[in-house]
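Residue-level listing of the chains:
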Amino acid sequence: MDSREKIEACQQKKNSGNSLFKAGDFRRASENYEKAAQYASFDHLFTHEEKVLANSLCSSCYLNNAACKLRLGEYSEAAKLCTKVLEMDPSNGKALYRRSQAYLRVSDLEKAEEDITRALSIHPNDREMKLVYKQLKEKQREYRAYQAEMSRAIVSRMA
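- An unreviewed UniProt entry lists the chain under the name peptidylprolyl isomerase, from Trapa incisa.
- Under the heading Sequence similarities (unreviewed entry), UniProt records this for the chain: "Belongs to the FKBP-type PPIase family."
- The record in UniProt for the chain states the following under Catalytic activity (unreviewed entry): "[protein]-peptidylproline (omega=180) = [protein]-peptidylproline (omega=0)".

### Description of the overall build of the chain
- Within the chain one finds seven helices and zero strands.
- Secondary structure of the chain in N-to-C order comes out as α-α-α-α-α-α-α.
- For a compact globule of 159 residues, the expected C-alpha radius of gyration is about 15 Å, and the chain comes in at 20 Å, more than 25% above that figure.
- For the chain, with 159 residues in total, the buried portion stands at 37%.

### Regarding the packing of aromatic side chains
- Under the defined criterion, the tally for this structure stands at one aromatic pair.
- Judged by centre distance (5.0 Å) and plane angle (65°), the ring pair of phenylalanine 21 and phenylalanine 26 falls under edge-to-face.

### Details of the side chain of serine 59
- Of note, serine 59 is situated in helix H3 (residues 48–72).
- On the basis of relative accessibility, which here comes to 14%, the residue serine 59 falls in the buried class.
- In this structure serine 59 touches Val85 and Met88, once residues within four positions along its chain are discounted.

### Notes on the confidence of the model for the chain
- Chain-level pLDDT for the chain is 94 on average; 99% of the residues reach the 70-or-more range.
- For the chain, the element scoring lowest by mean pLDDT is helix H7 (residues 127–158), at 92; helix H5 (residues 93–105) scores highest, at 98.

### Quick look at the layout of surface pockets
- Of the voids in this model, the largest pocket is the one considered here, and its volume is about 210 Å³.
- Taken together, Asn18, Phe21, Lys22, Tyr33, Asn64, Ala67, Leu70, Arg71, Arg98 and Gln101 form the lining of the largest pocket.
- Contributing elements (two or more residues each) for the lining of the largest pocket: helix H1 (3–22), H3 and H5.
- Tallied by class, residues from the lining of the largest pocket come to four nonpolar, three polar and three charged.

### Here's the deal with the environment of glutamine 140
- With respect to the helices and strands, glutamine 140 occurs in helix H7.
- Spatially, the C-alpha atoms of glutamine 140 and glutamate 113 are 9.7 Å apart, while their sequence positions differ by 27 residues.

### A look at the pattern of salt bridges
- Across all of its chains, the model carries 12 salt bridges by this definition.
- With a closest N to O distance of 2.6 Å, aspartate 115 and arginine 99 form a salt bridge. Taken together, the residues span a long stretch of sequence, with aspartate 115 in helix H6 (residues 109–122) and arginine 99 in helix H5 at a distance of 16 residues. With respect to burial, aspartate 115 and arginine 99 carry one shared label: buried.

Rules used in this analysis
- Residues numbered from 1 in each chain as written.
- Predicted model: local features only at pLDDT ≥ 70, side-chain atom pairs only at ≥ 80, totals over all residues.
- Heavy atoms only, no water.
- UniProt positions renumbered as here; feature names shortened; annotations may be inferred.
- Helix = DSSP H or I, 4+ residues; strand = E, 2+ residues; numbered from the N terminus.
- Rg over C-alpha atoms; globule rule 2.2 N^0.38 Å.
- Buried < 20%, exposed > 50% of the residue type's maximum accessible area, 1.4 Å probe, protein only.
- Phe/Tyr/Trp six-rings, centres within 6.5 Å; stacked < 30°, edge-to-face > 60°.
- Contact = heavy atoms within 4.5 Å.
- pLDDT = per-residue confidence, 0-100.
- 1 Å grid on protein atoms, 1.4 Å probe; cavity = no way out; pocket = protein on both sides within 12 Å on 5 of 7 lines; lining within 4 Å.
- Points joined across faces, edges and corners; volume = space filled by probe spheres on them.
- Nonpolar A, V, L, I, M, F, W, Y, C, P; charged D, E, K, R; others polar.
- Salt bridge = Lys/Arg side-chain N within 4 Å of Asp/Glu carboxyl O.

Below, the structure is given as structure tokens:
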């Protein structure tokens, strides 16, 4: 398969993944995005233009796959996919947003806050990002209340 055919195959698998995602078949969509990303992986035969296109397709496939993983409850996998995108593009707001969602789901509140804050600095008017920030703040309040209750319980047992 030459480089042009790899890019075409990547686009076809990505489009298939998009259709499956829209239909709610997140598992199969994820599989398609994984295959698409494999096609777009670095090939020393890619021209400069093909490398740029392949990197863009790869990022898109990783982000779409991360969305699938979030829907499937595979939060650490979603975070890893977003990290791959951020290695290519450290200021990718969508990758920061999705990774913050994954961190929030596993209660890694510090990392979630770092990512969603960075995402909002890139896209300050994004409604979905603001919603995740609000969810994070609520979870942080709940955690502080839980810690306070545990501290009171320990002190009361000591008295």
